[in-house]
Amino acid sequence: HQFRCSLEFPYIHHLTTSKTNTAHVYLKYTYAPFGTHATIFTLPPTTISPGQSRTMIDHTYNAFEFVMAPERLSEYFTNVPLLVEVWHKDPVATDVQLGVVVVHLCDVLSEPARKTLVSASQGQSIKALRQVHESLIPIEPHSPASSEGSSESSVGKLQIVLTLEDMGVIHR
């Protein structure tokens, strides 16, 4: 089957950090089952001032097209979570990782599939089944103390929108 999986992280909620008063945030991730080993960055960073409850993050939409058997896709989505790192870009020092979000891609598989028309690579429209999952996921802190039993539960939440489109069997 030919699939298109799109990821979007439109908002970050209640980000807290002890590193700085104002955070300059970007996201970083890679997911080899999508057929690329390139790291995705949401640059330039988004400025988040103290006390902001929700901030829109720019440049977070990405779509990946790949061919895979549905059983294999289900296996990857169930067993290989997407790890999204949340970073602070420091203008004068080394960037600081604030936390990580564990995205269980298998959640999209339990969403209802709706028939739709999607744009194919040659500019034509084809029928597809689309599943969409949206959620807020905690940003787990990333620090040496967090691995030594820190009581800190999360440093914020990241909104995700995950869309999976099944464009059907590839005919050769």
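The shown structure was predicted, so the numbers you read here are calculated from the model rather than taken from an experiment.

Peer 1: Just checking my understanding: could you explain the overall build of the protein for this structure?
Peer 2: If you tally the helices and strands in the protein, you get one helix and 13 strands. Sequence-ordered secondary structure for the protein, helices as α and strands as β, is β-β-β-β-β-β-β-α-β-β-β-β-β-β. Buried residues in the protein amount to 37% of all 172 residues. Considering only residue pairs separated by 6 or more positions, the protein has 65% of its internal contacts joining residues 24 or more positions apart. Carbon and sulfur atoms make up 51% of the accessible area of the protein, which amounts to about 9700 Å² in all.

Peer 1: Can you walk me through the packing of aromatic side chains in this structure?
Peer 2: For any two aromatic rings, the description comes down to two numbers: the centre-to-centre distance and the angle of the planes. This structure, assessed with the given rule, holds eight aromatic pairs. Taken together, the ring pairs in this structure connect Phe3, Tyr31, Phe34, Phe64, Phe66 and Phe77 into an aromatic cluster. Stacked on the ring of Tyr11, the Lys or Arg Arg54 has its end atom at 3.8 Å from the ring centre.

Peer 1: Just checking my understanding: could you explain the confidence of the model for the protein for this structure?
Peer 2: The predicted model of the protein averages 87 in pLDDT, with 90% of residues at 70 or higher. Highest mean pLDDT in the protein belongs to strand E13 (residues 157-166) (96); lowest belongs to strand E10 (residues 114-119) (86).

Peer 1: Explain the pattern of salt bridges to me, please; I cannot follow it from the model alone.
Peer 2: Should the charged atoms of two oppositely charged side chains come close, the side chains can pair. Following the criterion strictly, the structure yields four salt bridges and no others. Ionic pairing is found between Asp95 and Lys89, a salt bridge with its closest N-O pair at 3.6 Å. For the salt bridge of Arg130 with Glu165, the shortest nitrogen-to-oxygen distance reads 2.6 Å. Within this pair, whereas Arg130 is found in strand E11 (residues 125-138), its partner Glu165 is found in strand E13, the two being separated by 35 residues in sequence. Judged by its relative accessible area of 29%, Arg130 falls in the partly exposed class. Overall, the relative accessible area of 6% leaves Glu165 in the buried class. Taken together, the salt bridges that share partners define one network made up of Arg4, Glu65, Arg130 and Glu165.

Peer 1: Help me understand the pairing of E13 in this model?
Peer 2: Within a regular strand, side chains alternate between the sheet's two faces. Taking burial as the measure, the 10 residues of E13 include nine buried ones, the bulk of the element. As judged from the six bridges shared by strand E1 (residues 2-8) and E13, these two strands associate in the antiparallel manner. Its bridge partner being in E13, Leu7 is matched across the sheet by Leu162. Sheet topology places strand E2 (residues 11-13) next to E13; two bridges connect them, and they run antiparallel. What sits directly across from His13, in E13, is Lys157. Of the strand pairs in this sheet, E11 and E13 are connected by 10 bridges, and their pairing is antiparallel. Note that in E13 the partner of Pro138 across the bridge is Lys157.

Peer 1: What is the right way to look at the pairing of strand E8 (residues 82-88) in this model?
Peer 2: With five of seven residues buried, E8 is to be regarded as a mostly interior element. As judged from the four bridges shared by strand E3 (residues 23-29) and E8, these two strands associate in the antiparallel manner. When the bridges of E8 are listed, Val25 appears paired with His88.

Definitions and limits used
- Residues numbered from 1 in each chain as written.
- Predicted model: local features only at pLDDT ≥ 70, side-chain atom pairs only at ≥ 80, totals over all residues.
- Heavy atoms only, no water.
- Helix = DSSP H or I, 4+ residues; strand = E, 2+ residues; numbered from the N terminus.
- Buried < 20%, exposed > 50% of the residue type's maximum accessible area, 1.4 Å probe, protein only.
- Contact = heavy atoms within 4.5 Å.
- Areas by Shrake-Rupley, 256 points an atom, 1.4 Å probe, with all protein chains shown as cover.
- Phe/Tyr/Trp six-rings, centres within 6.5 Å; stacked < 30°, edge-to-face > 60°.
- Lys NZ or Arg CZ within 6 Å of the ring centre and 35° of its normal.
- pLDDT = per-residue confidence, 0-100.
- Salt bridge = Lys/Arg side-chain N within 4 Å of Asp/Glu carboxyl O.
- Pairing = 2+ DSSP bridges.

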